[in-house]
Amino acid sequence: MPSGKTHIAVELLLWPGFMAGYYYFSQPAWGELALLGGAYLFASLLLSPDLDLRHNSTRRRWGPLGFIWVPYFKIFKHRGMSHSLMFGSLTRLIYLGMVFGLVLVGLSSLGFALPQDAPAWLNERLLILLGVGLYLPNVLHVLLDRVVSVFS
Ligand SMILES: [Zn+2]
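Residues numbered from 1 in each chain as written. Predicted model: local features only at pLDDT ≥ 70, side-chain atom pairs only at ≥ 80, totals over all residues. Heavy atoms only, no water.

Draft legend 1. Representation of the coordination of the zinc ion within the structure. Protein-derived coordination of the zinc ion comes from Asp-50 (OD), His-83 (NE2), His-141 (NE2) and Asp-145 (OD), at a distance range of 2.2 to 2.3 Å. Viewed at the metal, the four donor atoms of the zinc ion are separated by angles of 85 to 170°, and the geometry they form is irregular. Here the donor residues of the zinc ion are spaced in sequence according to D-x32-H-x57-H-x3-D. You can see Asp-50 sitting in the loop between helix H2 (30–46) and helix H3 (57–61) and its partner Asp-145 sitting in helix H6 (residues 124–151), a full 95 residues away along the chain. Judged by relative accessible area, which is 3%, Asp-145 ranks as buried. (Donors = N, O, S within 2.8 Å, 3.2 Å for Na, K, Ca; no water. Tetrahedral: all angles 85-135°; square planar, octahedral: opposite > 155°, others 65-115°. Helix = DSSP H or I, 4+ residues; strand = E, 2+ residues; numbered from the N terminus. Buried < 20%, exposed > 50% of the residue type's maximum accessible area, 1.4 Å probe, protein only.)

Right, here's the structure in full:
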């Protein structure tokens, strides 16, 4: 299996290529490019499919917040649903959304006022860019795992 370092190296090496390609073909606003690039880096560094392992470099990158992924690796067996091309990212995004939701519920019960609506600048195009940026590293990770397991 490729190590966490190999996955990160491949994903980070391809990142400038994706950014340049997207810039070349769609001439996006800088904010859109930053959103796509930021989402890609976030997913690559912090949402790896290998969060389904007890010990992994991605969880270490979460620092003191790494504990939030303990239920995730207990729920998802290694290279199961978490490594699905289609649903892998979704499992982590839904999981992270639930953790974030619990934090918001906690803050709200402590009396903090929370925004009720999505920000006005958020539109369909930005959500798609966000989704692509979050999915791409997952796809690369899973494909690399599959290619290496075929040849080993
Ligand atoms: Zn993996």
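After presenting the structure, the write-up continues.
Draft legend 2. Here's a closer look at the UniProt feature "transmembrane region" (unreviewed entry) in the protein. Listed under "transmembrane region" (unreviewed entry) in the UniProt record, and renumbered for this structure, are residues 7–25, 31–51, 93–114 and 126–144. The distance from the first to the last C-alpha atom of residues 31–51 is 29 Å, and the span holds 76% helix and 0% strand. As a span, residues 126–144 carries 100% helix and 0% strand, and end to end its C-alpha atoms are 28 Å apart. (UniProt positions renumbered as here; feature names shortened; annotations may be inferred.)

Draft legend 3. Focus on the nonpolar core. Counting residues in hydrophobic clusters, the biggest one holds 13 residues, and the most contacted among them are Leu-47, Trp-62, Ile-68, Trp-69, Tyr-72, Leu-96 and Leu-134. Elements with a minimum of two residues in this core: H2 and helix H5 (88–109). Top contributing element to this core by residue count: H2, with three residues. Among residues more than four places away in sequence, those in contact with Trp-62 are Phe-42, Leu-46, Leu-47, Ile-68, Trp-69 and Leu-96. (Core = buried A, V, L, I, M, F, W, Y, C linked by side-chain atoms within 4.5 Å. Contact = heavy atoms within 4.5 Å.)

Draft legend 4. Geometry of a nonpolar patch on the surface. Taken together, Met-81, Leu-85, Met-86, Phe-87, Leu-90, Ile-94, Met-98 and Leu-143 make up a surface patch of nonpolar side chains, about 760 Å² in accessible area. Ranked by the residues each element gives to the nonpolar patch, the list is headed by H5, at three residues. With respect to the helices and strands, Met-98 occurs in helix H5. Assessed through its relative accessible area of 54%, Met-98 is described here as exposed. (Patch = residues over 30% accessible without salt bridge, like charges linked within 9 Å, V, L, I, M, F, W, Y side chains within 5 Å. Areas by Shrake-Rupley, 256 points an atom, 1.4 Å probe, with all protein chains shown as cover. Salt bridge = Lys/Arg side-chain N within 4 Å of Asp/Glu carboxyl O.)

Draft legend 5. Spatial organisation of the pattern of salt bridges. Tallied over the entire structure, the rule returns two salt bridges. Its salt-bridge partner being Glu-32, residue Arg-125 comes within 3.0 Å of it at the nearest N-O pair. With Arg-125 in helix H6 and Glu-32 in helix H2, the pair connects residues that are 93 residues apart, well separated along the chain. By relative accessible area, Arg-125 is classed as partly exposed at 42%.

Draft legend 6. Representation of H6. For H6, spanning 28 residues, the distance from its first C-alpha to its last is 40 Å, which sits close to the expected 40 Å at 1.5 Å a residue. The largest bend in H6 comes to about 25°, at Tyr-135, with the proline Pro-137 one to four residues further on. For H6, every residue scored as buried is listed here: Leu-126, Leu-129, Gly-133, Leu-134, Pro-137, Asn-138, Leu-140, His-141, Val-142 and Asp-145. Tucked into the core, H6 has its buried residues touching helix H1 (4–26), H2 and H5. The N-capping residue of H6, defined by a side-chain oxygen 3.1 Å from the backbone nitrogen of Arg-125, is Asn-123. (Expected span 1.5 Å × (residues − 1). Bend = angle between axes of the 7 residues up to and from the residue. Polar contact = N/O pair within 3.5 Å; in protein donor to acceptor, adjacent residues only side chain to side chain.)

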